[in-house]
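# Structure assessment
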Amino acid sequence: MEREPLFEDDINTAVEGLQLVPDRLPSVLPSKHDIKMFRADLIERLTGNLGPLKAYLLVKLIEKIIAEKEEGVIKQLQDGAKSEFQMLYPRDKTAEVLGAKVSIKGRSYWTYPEDINAFEVELKAMEARLKGMKKAAEIDGRAMHMQVPDASISVSF
């Protein structure tokens, strides 16, 4: 089955003055406030040109392309960026790059005494028992499946 195009050919979907994928970075990256303002402007422009539903679809498409967790796109970029940062700033844990504060962070963790570890094992067993009890109640009809009407919109690609 052939899919219809996201936007009709006869509708002008270009957002004048807006380039989602820049061909070069600015000399200084925007501040948090600038990013919030850009986002608000982007949504206003998109909804003005496309309407709320098509603007939502476009933003979800951009999100899917960039932030797809299953394929690790951000992770792939992060690993290369970390290597390059360490090569450019070998003695620094934090440096300013194009106006952004970039840091290499170490991992830390806690170790706990045996009484706490034993309680954690007991708690996980109780959580597993609770999950089983809930599933049994769903299967035997004691649990009721409830739904809030029209609570959200979902997009699948």
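See the structure above.
In this report, the structure presented in the accompanying data block is examined. This is a predicted model, so every value here is computed, not measured.

### A word on the pattern of salt bridges
Under the definition given, this model contains 5 salt bridges. Ionic pairing is found between aspartate 41 and arginine 45, a salt bridge with its closest N-O pair at 2.9 Å. One end of the pair, aspartate 41, and the other, arginine 45, are both in helix α1 (residues 32–50), 4 residues apart, so they sit about a helical turn from each other. A relative accessible area of 30% means that arginine 45 is categorised as partly exposed. The residue glutamate 63 makes a salt bridge to lysine 60 at a minimum N-O spacing of 2.8 Å. One end of the pair is glutamate 63 and the other is lysine 60, both in helix α2 (residues 52–67) and 3 residues apart, which spans about a single turn.

### Some thoughts on the nonpolar core
Within soluble globular proteins, side chains that are nonpolar generally end up buried alongside one another. Membership of the largest hydrophobic core is limited to 5 residues, which are Leu42, Leu46, Leu50, Ala55 and Leu58. Of all elements in the fold, only α1 and α2 reach the threshold of two or more residues within this core. Take this core: its biggest share by element is 3 residues, from α1.

### Quick look at a nonpolar patch on the surface
A cluster of nonpolar side chains, namely Ile65, Ile66, Ile74 and Leu77, defines an oily patch on the protein surface of about 400 Å² accessible area. Sorting the residues of the nonpolar patch by element identifies α2 and α3 (73–88) as the ones contributing at least two each. Note on placement: isoleucine 74 falls in helix α3. On the basis of relative accessibility, which here comes to 42%, the residue isoleucine 74 falls in the partly exposed class.

### Considerations on unusual backbone geometry
Residues other than glycine seldom take positive phi values, yet leucine 98 does so here, at roughly 55 degrees. Inspection of the secondary structure puts leucine 98 in the loop between β1 (94–97) and β2 (100–103). The phi dihedral of aspartate 150 falls on the positive side, at around 50 degrees, and the residue is not glycine. Turning to its location among the elements, aspartate 150 is positioned in the segment after α4 (114–140).

### Remarks on the pairing of β2
Pairing of β1 with β2 involves 4 bridges; the strand directions are antiparallel. Pairing of threonine 94 across the sheet is with serine 103, part of β2. If you look at the hairpin formed by β1 and β2, you'll find 2 residues sitting between the two strands, and leucine 98 has a positive phi there, around 55 degrees.

Reading guide: rules and limits
Residues numbered from 1 in each chain as written. Predicted model: local features only at pLDDT ≥ 70, side-chain atom pairs only at ≥ 80, totals over all residues. Heavy atoms only, no water. Salt bridge = Lys/Arg side-chain N within 4 Å of Asp/Glu carboxyl O. Helix = DSSP H or I, 4+ residues; strand = E, 2+ residues; numbered from the N terminus. Buried < 20%, exposed > 50% of the residue type's maximum accessible area, 1.4 Å probe, protein only. Core = buried A, V, L, I, M, F, W, Y, C linked by side-chain atoms within 4.5 Å. Patch = residues over 30% accessible without salt bridge, like charges linked within 9 Å, V, L, I, M, F, W, Y side chains within 5 Å. Areas by Shrake-Rupley, 256 points an atom, 1.4 Å probe, with all protein chains shown as cover. Pairing = 2+ DSSP bridges.

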